[in-house]
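# Results of the structural survey
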Amino acid sequence: MTITPPALSVFETLESEVRSYCRGWPAVFDRAQGSYMYDEDGHTYLDFFSGAGALNYGHNNPVLKRALLDYIERDGVTHGLDMGTTAKRAFLESFQNTVLRPRDLPYKVMFPGPTGTNAVEAALKLARKVKGREAVVSFTNAFHGMSLGALAVTGNAFKRAGAGIPLVHGTPMPFDNYLDGQVPDFLWFERLLGDQGSGLNHPAAVIVETVQGEGGINVARPEWLRGLADLCRRRDMLLIVDDIQMGCGRTGAFFSFEEAGITPDIVTLSKSIGGYGLPMSLTLFRPELDLWEPGEHNGTFRGNNPAFVTATAALDTYWADGGMEKQTLARGEQVEAALRAICEEHTALGAEYRGRGLVWGLEFADKERAGRIAKRAFELGLLIETSGPEGEVVKLLPALTVSQEELDEGLRTLARAVRETA
């Protein structure tokens, strides 16, 4: 497929230089359905990006679209702040019956502003309010959002620099295998906590991703997560799991921490919780932590009722039984086999792969290769992005609803892109 970059005049002359994805994918997209996107010139692209994880059920999922259109057609409430609405009630009831109760999770549900970073801000504020302490521990290569509180617990130097001011009250610790297994888990963390001369203020909380997406698809072992949960209990720190990208089934189970058998004190969800790509986020926490005063954390768009409608439809359609989890794990095995074959073909390039469910990363010794592979994949009609502190990892995020045939098509295209950039 030959793609002629369009004249992006209005984007180049009017839109801010901060734009990013459009630079790697120089096309003007017009339609999207399922796992495919179409540009205005008629080119077709297989989407292994899925709105950075916001489209777990694909583009314009017909079941979710029907629910949304019916709701709009009957003049259902669109904007409701935190007022009670039928759409919110239906979502809460479905979330409780389909997600929380079957997993014996006791959480209260908070609707912060509709972005992931706002859910994180709410989690950090609540942890500090509950514990009366300001310090929060995060991990190397973490990414938790672009607002100031979330940036303070984010590892990426480029993103942190955008704050323009000192980012305080956050302390990084080594993520699982950061030190290549040479140091026992949490040795440094435990030593600092136990030493009155360490300079580490007693943290209110620890925030962690079970799989670091933006950080390079770094997968925490279940035993490491269990050790972290135990450390938090022993040292009177709240455990916050940021499940914004890895939740809603991305790793197989609805929550990414289920495999480890832990119950975090606070959980953040966004991206695919709305189901259709509509902005929505949740901050979940144990009932005894619900110390908020009315309006103490609010936001004009925390009542996005169309998102409640599509979220409910997604839960009822895909999470009423165990089918979605089983399918995601099976598709993950398909991806793993293909990535293993790529790495075996390119041993001289130092190729490595890692992931869980339907989130995978492919890394090469040459840190610039991932960008070249993503560029070639786009030319071949496949949308993939890169991640990691230097963009050194090819990141795969296909929709959970992707078919075996579509997945195979994309993996063949990826293998060709690797081969043609070797």
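Let us look at the structure shown here. Position numbers for residues count from 1 along each chain, tracking the sequence in the order it is written. Confidence filtering applies because this is a predicted model: local features only for residues at pLDDT of at least 70, side-chain atom pairs given and counted only at 80 or more, and all residues used for totals across whole chains, interfaces and linings. Excluded from the side-chain calculation are hydrogens and water; included are all heavy atoms of the structure.

### Section: empty space enclosed by the protein
A cavity here means a set of points on a 1 Å grid, drawn over the protein atoms and nothing else, where a 1.4 Å probe fits but cannot get out; a pocket is an open set with protein on both sides within 12 Å along at least five of seven lines, and a residue lines either one if it has an atom within 4 Å of a point. Grid points are joined across faces, edges and corners, and a volume is the space filled by probe spheres set on the points. Inspection of every chain in the model, using the stated rule, returns one cavity of 30 Å³ or more. Approximately 40 Å³ is the volume attributed to the largest cavity. Lining the largest cavity are Phe111, Pro112, Pro114, Pro279, Met280, Ser281, Phe301, Arg302, Gly303, Asn304 and Phe308. Basically, the charged four are Asp, Glu, Lys and Arg, the nonpolar ten are Ala, Val, Leu, Ile, Met, Phe, Trp, Tyr, Cys and Pro, and anything else, Gly included, counts as polar. Broken down by class, the residue content of the lining of the largest cavity amounts to seven nonpolar, three polar and one charged.

### Considerations on the packing of aromatic side chains
Two aromatic rings are characterised by how far apart their centres lie and by the angle between their planes. Side-chain rings of Phe, Tyr and Trp (the six-membered ring for Trp) are treated as a pair once their centres are within 6.5 Å; stacked means planes under 30 degrees apart, edge-to-face means over 60, and tilted covers the remaining angles. Here the structure, examined in full by the defined rule, presents 19 aromatic pairs. Ring geometry for tyrosine 21 and tryptophan 25: centres 6.0 Å apart, planes at 20°, overall stacked. Taken together, the ring pairs in this structure connect Phe91, Phe95, Phe111, Phe254, Phe255, Phe257, Phe308 and Trp319 into an aromatic cluster. In this scheme, Lys NZ or Arg CZ marks a charge over a ring once it lies within 6 Å of the ring centre and within 35 degrees of the ring normal. In this structure, arginine 31 packs its charged tip against the face of tyrosine 38, placed 4.4 Å from the ring centre. Above the face of the phenylalanine 364 ring, arginine 369 is positioned so that its terminal group lies 5.9 Å from the ring centre.

### Here we look at the side chain of lysine 395
Relative to the elements of secondary structure, lysine 395 occurs in strand 17 (residues 393-396). We define a polar contact as two N or O atoms separated by no more than 3.5 Å, with the added condition that, inside protein, one atom must be a possible hydrogen donor and the other a possible acceptor, whereas residues neighbouring each other in sequence contribute only through side-chain atom pairs. Polar side-chain contacts of lysine 395 include one of 3.2 Å to the side chain of glutamate 214. Side-chain polar atoms of lysine 395 contact the side chain of glutamine 245, separated by 2.9 Å. We call two residues in contact when some of their heavy atoms are within 4.5 Å. What lysine 395 contacts, discounting residues up to four positions off in sequence, is Phe48, Gly213, Glu214, Ile217, Gln245, Trp360, Ile384, Glu385, Thr386 and Ser387. Segments assigned H or I by DSSP are reported as helices when at least four residues long, segments assigned E as strands when at least two residues long, and all are numbered from the N terminus.

### Looking at the sheet that holds strand 10 (residues 238-242)
One requirement defines pairing of two strands: DSSP has to find at least two bridges between them. With respect to topology, seven strands assemble into an open sheet ordered 4-12-11-10-7-5-6, the strand pairing being mixed. Every interior strand has two partners, whereas the edge strands, strand 4 (108-110) and strand 6 (170-173), have only one. Pairs of neighbouring strands in the sheet enclose a mean axial angle of 25°, with direction left out of account. Here two bridges tie strand 5 (residues 136-139) to strand 7 (residues 205-208), and the two strands are oriented parallel to one another. Note that in strand 7 the partner of valine 137 across the bridge is valine 206. For helices, the axis comes from a line fit to the C-alpha atoms of the stretch in contact; other axes are also lines fit to C-alpha atoms, and the angle between any two N-to-C directions lies between 0 and 180 degrees.

### Concerning the environment of glutamine 327
Following the sequence through the fold, glutamine 327 ends up in helix 12 (residues 323-345). Categorising residues by exposure relies on relative accessible area from a 1.4 Å probe, with only protein chains included: less than 20% of the type maximum marks a residue as buried, more than 50% marks it as exposed, and the intermediate range marks it as partly exposed. Since its relative accessible area comes to 28%, glutamine 327 is described here as partly exposed. Each C-alpha atom, one on glutamine 327 and one on leucine 358, is 9.9 Å from the other, the two residues being 31 residues apart in sequence.

### What to know about the nonpolar core
Among the nonpolar cores identified, the biggest contains 85 residues, and Phe95 and Leu414 are the most heavily contacted of them. Broken down by element, the residue count for this core peaks at eight residues, all from helix 11 (residues 305-318). When sequence neighbours within four positions are dropped, the list of residues in contact with phenylalanine 95 reads Leu100, Val109, Phe254, Phe255, Leu269, Ile273, Leu282, Leu284 and Leu315. In these notes, a set of buried Ala, Val, Leu, Ile, Met, Phe, Trp, Tyr and Cys residues joined through side-chain atoms within 4.5 Å is what counts as a nonpolar core.

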